[in-house]
Amino acid sequence: MRTSSGEHATTVGDMKRFRCVFGLLVLAVVASACTGSVDISFGGETPAEAAVDLIEGNEMAARIGIASVSDAECDDPLDEEVGTIFMCTAQSDGQTINFEVALEEDDRIFASPTNVVDPAGLSRLEDAAVQGLNNENDFGLPEGALECGDSGVILNAENQLICALTDPDTGVMFDTLVTVTDVETGQFTVVVVGEAAE
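Residues numbered from 1 in each chain as written. Predicted model: local features only at pLDDT ≥ 70, side-chain atom pairs only at ≥ 80, totals over all residues. Heavy atoms only, no water.

A. Geometry of the overall build of the protein chain. The number of helices and strands found in the protein chain is 4 helices and 12 strands. By the burial criterion, 44% of the 198 residues in the protein chain qualify as buried. Counting contacts in the protein chain only where the partners sit at least 6 residues apart, residues at least 24 apart contribute 51% of the total. Carbon and sulfur atoms provide 45% of the accessible area of the protein chain, an area that totals close to 10000 Å². (Helix = DSSP H or I, 4+ residues; strand = E, 2+ residues; numbered from the N terminus. Buried < 20%, exposed > 50% of the residue type's maximum accessible area, 1.4 Å probe, protein only. Contact = heavy atoms within 4.5 Å. Areas by Shrake-Rupley, 256 points an atom, 1.4 Å probe, with all protein chains shown as cover.)

Below is the structure:
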């Protein structure tokens, strides 16, 4: 690929392995309070029991864009003070989802998945990753060149997901590993690992 100045620009196909590090504000695993969290009153139940009901409810799965959630298990909180945080896990499509649950005023709880990127967050991640790849390497990738799926994604134990990057010049697809390196800030890395297997 040539740039407007006639210089040779790097293409995705030129790279055997490439790594780009940058931050994504509003990544769903960070900002899940907006799109992937639900709160309910737990009057009459323990907080852990209420959290199980909340996590296994249809509303939670719909909000984070994944298949139904089952087999939720929660640690009992150390106390029932407002602001107390406790952890839960659940299953969806054979994958483990981690939840952080907060006790709120008026006997309410608020549950947030910590390893799920919802559909809106996934779209923002794709856009930011393409922009980062272009900025770091002058790839000239168009919007939509990185495809991570249309539904929510549960990150694996290493906070990773595999996406497909298409070279606009050749149409060749490359496996691309996205790793969320800091769930608090939303920083992630993108590694183009190689041509996708057919």
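B. Molecular detail of the pattern of salt bridges. All told, the structure shown has 1 salt bridge when counted by the stated rule. Measuring nitrogen to oxygen at the nearest pair gives 3.3 Å for the salt bridge that ties Glu59 to Arg63. Here Glu59 pairs with Arg63, and both are found in helix H3 (residues 58–64), just 4 residues apart, close to one helical turn. Taking relative accessible area as the criterion, Arg63 reaches 39% and is therefore assigned partly exposed. (Salt bridge = Lys/Arg side-chain N within 4 Å of Asp/Glu carboxyl O.)

C. Expanded view of unusual backbone geometry. If you check the backbone angles, Asp106 has positive phi at about 60 degrees while not being a glycine. Mapped onto the fold, Asp106 is located in the loop between strand E5 (95–104) and strand E6 (108–113). A residue is classified by how much of its surface remains accessible, and Asp106, at 68% relative accessible area, is exposed. Although it is not a glycine, Asn159 sits at a positive phi angle of roughly 60 degrees. Inspection of the secondary structure assignment puts Asn159 in the loop between strand E9 (153–154) and strand E10 (160–166). With a relative accessible area of 22%, Asn159 lands in the partly exposed category.

D. Structural context of the pairing of E5. Where strand E4 (residues 85–92) meets E5, 8 bridges bridge the pair, whose relative direction is antiparallel. Each residue of the ladder has a partner; that of Cys88, found in E5, is Phe99. The hairpin turn running from E4 into E5, its antiparallel successor, is 2 residues long, and Asp93 in that turn takes a positive phi close to 55 degrees. With 6 bridges connecting them, E5 and E6 associate as antiparallel partners. Paired with Phe99 across the strands is Pro113, a residue of E6. Taking the residues between adjacent antiparallel strands as the criterion, E5 and E6 are bridged by 3 residues, where Asp106 takes a positive phi near 60 degrees. (Pairing = 2+ DSSP bridges.)

E. Examining the state of the cysteines more closely. Counted according to the given criterion, the structure contains 2 disulfides. Here Cys74 is linked by a disulfide to Cys88, with a sulfur-sulfur distance of 2.1 Å. Residues Cys74 and Cys88 share a disulfide whose torsion about the S-S bond is about 110 degrees; that sign makes it right-handed. In this pair, Cys74 is assigned in strand E3 (residues 70–74) and Cys88 in strand E4, connecting sequence segments 14 residues apart. Neither Cys74 nor Cys88 differs from the other in exposure class; each is buried. (Disulfide = S-S within 2.5 Å.)

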